[in-house]
Amino acid sequence: MRVLGVDPGLTRCGLGVVDGRPGRASMVAVGVVRTPGDAEPGDRLLYLERELDGWLDRFAPEVVAVERVFADVNVASVMTTAHATAVALLGAARRGIPVVFHTPTEVKAAVTGSGRADKAQVTAMVTRILGLDTPPRPADAADALALAICHAWRGAQAARLAALAEGSLR
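Bear in mind the structure is a predicted one, so any value in this text is a computation, not a measurement.

K.L.:
I'd love a proper account of the packing of aromatic side chains, names of residues and values included.
P.N.:
Tallying each qualifying case throughout the model produces 1 aromatic pair. Relative to F59, the ring of W55 lies with its centre 5.1 Å away and its plane at 55°, an arrangement referred to as tilted. Taken together, the residues W55 and F59, both in helix 1 (residues 41-59) and 4 residues apart, mark about one turn of the helix. For the pair W55 and F59, a shared accessibility class is recorded, and that class is buried.

The following block contains the structure:
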């Protein structure tokens, strides 16, 4: 299963593509889309859309895994994260690619075994799981890869269980 992980953000949007199945994962690509904070919001969203579209077309993921936005005291930060999430949703929807959401706790638990892991632990485990020589930087890139790994491992299992429950697998 090829998964595009998106750690949404308007200033920095982490992107990571992983080929994986439960217990195995390999990195295809990783990067961060950066937009200048002093640019007009619409221009920033257009730039993010063009970059995400390029990743969707180039890597042809079967699913897009996005970090679920959580409520925070900083409403402005939540709003810009939601805007970036919407860009990813639209790009995937135009291509008929399903989008799934995973909470930060769920992602941390999938890659480290603990939903309370810190960013350094997540980055270390992503590096180890994918057999990378150096940790992905910045943290947004590592988080995007962690999202992709989480879905490749948990999403595939959930889909198989659902299919078994429906009796469609033999």
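K.L.:
Describe the sheet that holds strand 2 (residues 12-21), naming the residues involved and giving the relevant values.
P.N.:
If you walk across this open sheet you meet the 5 strands as 3-2-1-4-5, and the pairing is mixed. Either end of the sheet is taken by a strand with one partner, and the two such strands are strand 3 (24-34) and strand 5 (99-102). For this sheet, the mean inter-axis angle between neighbouring strands, taken without regard to orientation, is 25°.

K.L.:
So what's going on with the pattern of salt bridges? Residues and values would help.
P.N.:
Considering all chains together, one arrives at 6 salt bridges under this definition. Between D53 and R95 there is a salt bridge whose closest N-O contact spans 3.3 Å. On the criterion of sequence distance, the pair formed by D53 in helix 1 and R95 in helix 2 (residues 75-95) is long-range, its members being 42 residues apart. For D53, a relative accessible area of 18% puts it in the buried group. The partner of R95 in a salt bridge is D57, with the nearest N and O atoms 2.8 Å apart. Residue R95 is located in helix 2, and its partner D57 is located in helix 1; the two are separated by 38 residues in the primary sequence. With a relative accessible area of 29%, R95 lands in the partly exposed category. Residue D57 is classed as exposed on the basis of its relative accessible area of 53%. Through salt bridges with shared partners, a single ionic network connects D53, D57 and R95.

K.L.:
Explain the environment of L15 to me, using residue names and the numbers behind them.
P.N.:
Note on placement: L15 falls in strand 2. On the basis of relative accessibility, which here comes to 0%, the residue L15 falls in the buried class. The spacing of L15 and V64 is 49 residues in sequence and 10 Å in space, taken between C-alpha atoms. Filtering out sequence-adjacent residues up to four positions away, L15 remains in contact with L4, G5, V6, A29, V30, G31, V33, L52, W55 and A144.

K.L.:
Got a sec to walk through helix 3 (residues 104-112)? Specific residues and values, please.
P.N.:
The complete set of buried residues in helix 3 reads V107, A110 and V111. Along the axis of helix 3, the buried residues cluster in a sector spanning 85°; they form a single face.

Criteria and thresholds
Residues numbered from 1 in each chain as written. Predicted model: local features only at pLDDT ≥ 70, side-chain atom pairs only at ≥ 80, totals over all residues. Heavy atoms only, no water. Phe/Tyr/Trp six-rings, centres within 6.5 Å; stacked < 30°, edge-to-face > 60°. Helix = DSSP H or I, 4+ residues; strand = E, 2+ residues; numbered from the N terminus. Buried < 20%, exposed > 50% of the residue type's maximum accessible area, 1.4 Å probe, protein only. Pairing = 2+ DSSP bridges. Axes fitted to C-alpha atoms, helices over the stretch in contact; angles between N-to-C directions. Salt bridge = Lys/Arg side-chain N within 4 Å of Asp/Glu carboxyl O. Contact = heavy atoms within 4.5 Å. Arc of directions from axis to C-beta.

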